[in-house]
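Examining the three-dimensional arrangement
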Amino acid sequence: MSRIGVFICHCGENISRTVDVERVALEVGKLPGVSFSTDYKYMCSDPGQNLLKKAIQEQKLTHIVVAACSPRMHEKTFRKAVEAAGLNPYLCEMANIREHCSWVHENREEATVKATEIVGMMVERVKKNRVLPTITVPVTKRSLVIGGGIAGIQAALDIADCGHEVILVEREPSIGGHMAQLSETFPTLDCSQCIMTPKMVDVANHPKIKLYTYSEIELVEGYIGNFQVTIKKRARSVDEDKCTGCGVCMTKCPQKKIPNKFDQNIGMRTAIYVPFPQAVPNTPVIDRDNCTWYKTGKCGVCQKVCGPGAVDFEQQDKLIVEAVGAIVVATGFDLYSIDEKPKGSPIKGYGEFGHGKIPDVIDGMTFERLASASGPTGGKILRPSDGKEPKQIVFIQCIGSRAREKGISYCSKVCCMYTAKHTMLYHHKVHDGQAYVFFMDARTPGKSYDEFWRRSIEEEEAVYIRGMVSRLYQKGDKIVVMGSDIAVGVQVEIEADMVVLATAVQPQKGAELLAQKLGISYDKYNFYSEAHAKLRPVECATAGIYLAGACQGPKDIPETVSQASAAAAKVMTLFSKDQLEREPIVARVKESGCVGCFACKKVCAYGAVEEKEIRDRQGNLIKTVAFVNPGVCAGCGTCQATCPSKSVELDGYTDEQVIAMIEAL
Amino acid sequence: MKHTAPTHDFEPKIIAFVCTWCTYAGADLAGTSRMQYPSNVRVLKFPCTGRIDPVFILKAFQQGADGVLVSGCHPGDCHYIAGNFHARRRFAVFRKLLEFIGVDLKRLQFSWVSAAEGGKWVEVVTDLTVKVRAMGPMTEFKELAMEEQWSGAINTPELQEAYNAI
Ligand SMILES: Cc1cc2nc3c(=O)[nH]c(=O)nc-3n(C[C@H](O)[C@H](O)[C@H](O)COP(=O)(O)OP(=O)(O)OC[C@H]3O[C@@H](n4cnc5c(N)ncnc54)[C@H](O)[C@@H]3O)c2cc1C
Ligand code: SF4
Ligand code: SF4
């Protein structure tokens, strides 16, 4: 027989003002199974907790109900106290008579009746509570970082510097991401390559970092502390161990006119290539779609000239399995497609601005490549159409961003600043040129940011026009830009030589597919969701997975780096323990009842339900039943409500407990 | 079946099944903001609306609830990724069943209340209480509960008709 102790808290006067706590204690004291009931001014205070502990020991209590504030407030406190007194913490429940009663009702009689019923309900529930063991799982102290942009690089270096192995997986042939493409960076105008490449080299040389480039995540299994990740390493056609990075192959390759994606397709590369000279690793890859050997079976020049014999046309994709305990997702962003309406996307393009049709209408990233000293024009601002220097240049901000009618309502955050930067770089390079900017607002919060923006107007003579562009068309070799200046209330028309569109920052294409493999959630734009917008900004709701950089939302470099270091710190917190403790609210299968329909497996969003074979002594298969992996189960209970034979139960929320509560009412 | 005429001195019993992450937290917020609402509601907390078995709703009606509220996170905001979608699908089917067995669907309310929507919680609870108060007590299931025990004490014309049809 249970000996239940009930403790009613006054919460100063927060509860006792409307609830007659003494009467509640008296009433519930009469319930069968309750052997002790009392009220106290502050249950959560030290004396309150001592009262609880003392009563457990003296009265030999077996189950506890604390009627006080919300369990979201103090459940942990009281469960700890109960544990200290020698009871299993899960034999203690809280009855919420503050947030759900005394604070929302004024009538003392009504509130007292309701409080008595709430406590009665919890008394019936706690009778059915079972001892639950704390679940511990071991932690594999290795980490996976997905994406080798500045976010992934920073997180990988931080974790590796703490002495833990990191597996860094990058989809492209080189790490670096978008930052490697940038020319100079706001707000200080330091050269992106100069601050980026040393970090890339650090990654390559770090004894604790294992780098997989030209690779993708194929499959993620397991759970916090214990993930199994299958990585697909695509065939480079060059043996990384043999290649010395001399680059002879690239000088001899006859296919020289392939648009280089790294240069936003305005520069050209060969079929065997590294995307940019400072690439890490410096091992070329053969682009099989454009290689003569793969297309016709002839050529093979690179193989002939390669001294160490590294070129391997037969190389195959490889699947590699790595065990890790934590995952940092740092897959970054992509830019809004302005050519046309992207297929299968709710987002409308900006075909009306002629991008893709008028060669001298480019996007911001293309401008970065033009302005980059190591870019296709050697840092000169030249028109893609005829190589002439543009003397009048128009920048248009908020292309795609903050345009609900186009499908995106958010602000891309970096465009105001990089457009200001572009006007400066332009002015530094084309002294007699004039830059115009069409903008809605200038959003420049951040250290030294507004000063930077002002400098573009006050010192670098950019003309800012508040308003949007209504029309844009080619006229001879000019581009006519028509818009309105809403500050002055006049129509403006500019004959420009070049137009730069500040296109919206969007998640990577296919970001949702990776999220589905990882079991993390994403918002309606496919940016990955953090567990809590304010208090848990780098953790995913899925335990053991962390976010860094622009994959979570538009970000500039300083913010990206901060978040990456924060994610690394979270990984280190996890790795500081050998074993993980977690709440034992997990589902369990009653094998005798399970009919093996696996309806539970279908509804479990975490992949926690596995198939388990039951065999007799001779090894004959009797049946296959469901098995819930307690390390993976998140404890939602969807499987239980789904199971047609009622064979799976969520500890802490069993049918017995729920029915007991309903019956108490 | 007899229906009690709506009366104003009748106070309905409302049972709310809510998820802990959104609606329970929303109800807490209503409390910390000291909003006021009728005291008729009793809240049962679940990790997720995905855990709420339709049987609980039947059981609640059987135990004398006059109205039942099921509330969780907004679609897309589920703490457990998709539990509320499974719940929504399940309850869409379940409503049809309830309707078929003759429960007035106005007694069963589904809603999304997020952790930030203390005001919406107050609104939902108040509306349901007012609505059910006007409808009067729920009698159908209490009778069925006894019928389940084969007491033989009840014989409504509807039941008689059902027997005759077999
Ligand atoms: C035109 C322009 C100019 C800018 N100028 C500045 C500036 O001056 N100053 C500033 O502070 N910020 C600037 N920014 C912002 C800056 O580019 C970003 O803050 C930064 O690049 C974000 O880094 P990231 O690592 O999160 O993402 P990214 O740089 O996008 O890196 C993501 C990496 O992940 C890889 N990846 C993606 N998906 C996968 C996958 N499924 N598997 C494996 N790998 C994957 C990608 O290939 C890439 O290497 C600018 C942005 C733009 C568009
Ligand atoms: S593949 Fe051969 S030729 Fe090409 S860079 Fe490597 S070592 Fe040099
Ligand atoms: S409780 Fe939820 S997470 Fe756990 S096994 Fe069941 S459906 Fe999966």
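What counts, and where the lines are drawn
- Residues numbered from 1 in each chain as written.
- Chains lettered and ligands numbered in written order.
- Predicted model: local features only at pLDDT ≥ 70, side-chain atom pairs only at ≥ 80, totals over all residues.
- Heavy atoms only, no water.
- Helix = DSSP H or I, 4+ residues; strand = E, 2+ residues; numbered from the N terminus.
- Contact = heavy atoms within 4.5 Å.
- Pairing = 2+ DSSP bridges.
- Axes fitted to C-alpha atoms, helices over the stretch in contact; angles between N-to-C directions.
- Salt bridge = Lys/Arg side-chain N within 4 Å of Asp/Glu carboxyl O.
- Buried < 20%, exposed > 50% of the residue type's maximum accessible area, 1.4 Å probe, protein only.
- Near = heavy atom within 4 Å.
- Nonpolar A, V, L, I, M, F, W, Y, C, P; charged D, E, K, R; others polar.
- Disulfide = S-S within 2.5 Å.
- Expected span 1.5 Å × (residues − 1).
- Polar contact = N/O pair within 3.5 Å; in protein donor to acceptor, adjacent residues only side chain to side chain.
- Areas by Shrake-Rupley, 256 points an atom, 1.4 Å probe, with all protein chains shown as cover.
- Domains from an automatic or database assignment.
- Core = buried A, V, L, I, M, F, W, Y, C linked by side-chain atoms within 4.5 Å.
- Buried area = accessible area lost by both parts, 1.4 Å probe.

**Brief notes about the side chain of Ser-39 of chain B**
Among the structural elements, Ser-39 of chain B can be located in the loop between α1 (23-32) and β2 (41-46). Contacts of Ser-39 of chain B, omitting those with residues within four sequence positions, involve His-105, Glu-110 and Lys-114 of chain A.

**Re the sheet that holds strand β25 (residues 478-485) of chain A**
Residues and elements named next belong to chain A. The antiparallel open sheet is built from 3 strands, whose spatial order is β24-β25-β26. Lying at the two open borders of the sheet, with one neighbouring strand each, are β24 (469-475) and β26 (490-496). Ignoring strand direction, the axes of neighbouring strands in this sheet form an average angle of 15 degrees. One ladder, built from 7 bridges, connects β25 with β26; its direction is antiparallel.

**Quick look at the pattern of salt bridges**
Should the charged atoms of two oppositely charged side chains come close, the side chains can pair. Residue and element names in this part refer to chain A. Enumeration according to the criterion identifies 49 salt bridges over all chains in this entry. Between Arg-125 and Glu-93 there is a salt bridge, with its nearest N and O atoms 2.6 Å apart. Residue Arg-125 is found in helix α5 (residues 108-127), and its partner Glu-93 is found in strand β4 (residues 92-96); the two are separated by 32 residues along the sequence. Glu-93 shares its class with Arg-125; the two are buried. Arg-269 is paired through a salt bridge with Asp-287; the nearest N and O atoms lie 2.9 Å apart. Here Arg-269, found in strand β14 (residues 268-269), pairs with Asp-287, found in the loop between β16 (285-286) and α9 (292-296); they are 18 residues apart in sequence, far enough to count as distant. The same class applies to Arg-269 as to Asp-287, namely buried. Within this structure, Asp-360, Arg-383, Asp-386, Lys-388 and Asp-477 form a network of salt bridges that share partners.

**Topic: the site of ligand 2**
All residues in the neighbourhood of ligand 2 are listed as Val-238, Cys-243, Thr-244, Gly-245, Cys-246, Gly-247, Cys-249, Pro-284, Cys-306, Pro-308 and Val-311 of chain A. Grouping the amino acids of the shell around ligand 2 by side-chain chemistry returns 8 nonpolar, 3 polar and no charged.

**Some remarks on the sheet that holds strand β2 (residues 34-40) of chain A**
Residues and elements named next belong to chain A. As summarised here, the arrangement of the 4 strands in space is β2-β1-β3-β4, forming an open sheet in which the pairing is parallel. The sheet terminates laterally at β2 and β4, the two strands that pair on one side only. Neighbour-to-neighbour, the strand axes of the sheet open up by a mean angle of 15 degrees, direction not taken into account. Pairing between strand β1 (residues 4-9) and strand β3 (residues 63-68): 5 bridges, direction parallel. Note that in β3 the partner of Phe-7 across the bridge is Val-66. Where helix α3 (residues 71-84) meets the sheet, its contacts fall on β3 and β4, and the angle it forms with β4 comes to roughly 150 degrees.

**Observations regarding unusual backbone geometry**
Residue and element names in this part refer to chain A. Cis peptide bonds are those with omega within 30 degrees of zero, and the linkage from Phe-186 to Pro-187 qualifies with -5 degrees. Relative to the elements of secondary structure, Pro-187 occurs in the loop between β8 (184-185) and β9 (190-191). With an omega of 0 degrees, the peptide bond running from Val-280 to Pro-281 counts as cis. Along the chain, Pro-281 turns up in the loop between β15 (272-273) and β16. In this structure, Lys-60 takes a positive phi of about 50 degrees despite not being glycine. With respect to the helices and strands, the residue Lys-60 is situated in the loop between α2 (46-59) and β3. Taking the relative accessible area as the measure of exposure, Lys-60 reaches 60% and is therefore exposed. Backbone geometry places Lys-646, a non-glycine residue, at a positive phi of 50 degrees. As for its placement among the helices and strands, Lys-646 is situated in the loop between α17 (638-642) and β34 (648-650).

**Description of the state of the cysteines**
Structurally, a disulfide amounts to a covalent bond that connects the sulfur atoms of two cysteines. Residue and element names in this part refer to chain A. Scanning the model with the defined rule gives 2 disulfides over all chains in all. Two residues share a disulfide in this structure: Cys-191 and Cys-194, whose sulfurs sit 2.3 Å from each other. The sign of the S-S torsion, about 90 degrees, decides the handedness of the disulfide formed by Cys-191 and Cys-194: right-handed. A disulfide-free cysteine, Cys-551 has its sulfur positioned 8.2 Å from the sulfur of Cys-540, the nearest such atom. A relative accessible area of 2% places Cys-551 in the buried class.

**Some details on helix α4 (residues 118-135) of chain B**
Residues and elements named next belong to chain B. Under the 1.5 Å per step criterion, the end-to-end length of α4 is 26 Å for 18 residues, consistent within 8% with the ideal 26 Å. Residues of α4 that are buried: Gly-118, Trp-121, Val-122, Val-124, Val-125, Leu-128, Thr-129, Val-132 and Met-135. Buried-residue contacts for α4 involve β1 (14-19), α1, β2, β3 (67-72) and β4 (108-112). Looking one or two residues beyond α4, the residue adopting positive phi is Gly-136, at roughly 90 degrees.

**Digging into the site of ligand 1**
Residues and elements named next belong to chain A. The full set close to ligand 1 counts 36 residues, and Glu-170, His-178, Lys-421, Lys-555 and Ile-557 are the nearest of them. Contacts to ligand 1 include Lys-421, whose side-chain N or O atom sits 2.7 Å from an oxygen atom. Lys-555 is positioned such that a nitrogen or oxygen atom in its backbone is 2.6 Å from an oxygen atom of ligand 1. Burial of ligand 1 by the protein amounts to 97% of the accessible area it has alone, namely 1,000 Å². Where the shell around ligand 1 is concerned, the elements lending two or more residues are α6 (150-161), β8, β19 (333-335), α11 (364-371), α12 (415-429) and α15 (557-575). The residue inventory of the shell around ligand 1, partitioned by class, reads 16 nonpolar, 12 polar and 8 charged. Formed jointly, the shell around ligand 1 draws a minimum of three residues from each of two domains, domain 2 (135-234 + 317-332 + 529-579) and domain 4 (339-506).

**Structural notes on the nonpolar core**
Residues Ile-209, Ile-272, Val-328, Phe-367, Ile-393, Leu-574 and Val-628 of chain A are the most contacted members of the largest nonpolar core, which totals 118 residues. The greatest single-element share of this core, amounting to 8 residues, is contributed by α6 of chain A. If you look at the next biggest cluster of nonpolar residues, it comprises 68 residues, including Val-21, Ile-64 and Ala-81 of chain A together with Met-138 of chain B.

**Some thoughts on the domain arrangement of chain A**
Think of interface size as the accessible area that goes away when the parts come together; that is how it is often given. Residue and element names in this part refer to chain A. Taken as a whole, chain A is organised into domain 1 (4-127), domain 2 (135-234 + 317-332 + 529-579), domain 3 (238-316), domain 4 (339-506) and domain 5 (583-664). Taking only C-alpha atoms, the centre of domain 1 and the centre of domain 5 are 32 Å apart. Contact with domain 1, which involves 8 residues of that partner, is made by 8 residues of domain 5. A buried area of about 670 Å², summed over both sides, lies between domain 1 and domain 5, and 63% of it is on carbon and sulfur atoms. Broken down residue by residue, the surface that domain 1 buries against domain 5 is led by Tyr-90, Met-121 and Arg-125, which jointly contribute 75%. Our count for the contact surface shared by domain 1 and domain 5 stands at 0 salt bridges. Where domain 1 touches domain 5, the interface holds 1 residue pair in polar contact (both at pLDDT 80 or more). Mapped onto the side of domain 1 that touches domain 5, the elements with two or more residues apiece are α3 and α5. At 5 residues, the largest contribution of residues to the side of domain 1 that touches domain 5 is made by α5. Residues that form the side of domain 1 that touches domain 5 fall into these classes: 3 nonpolar, 1 polar and 4 charged.

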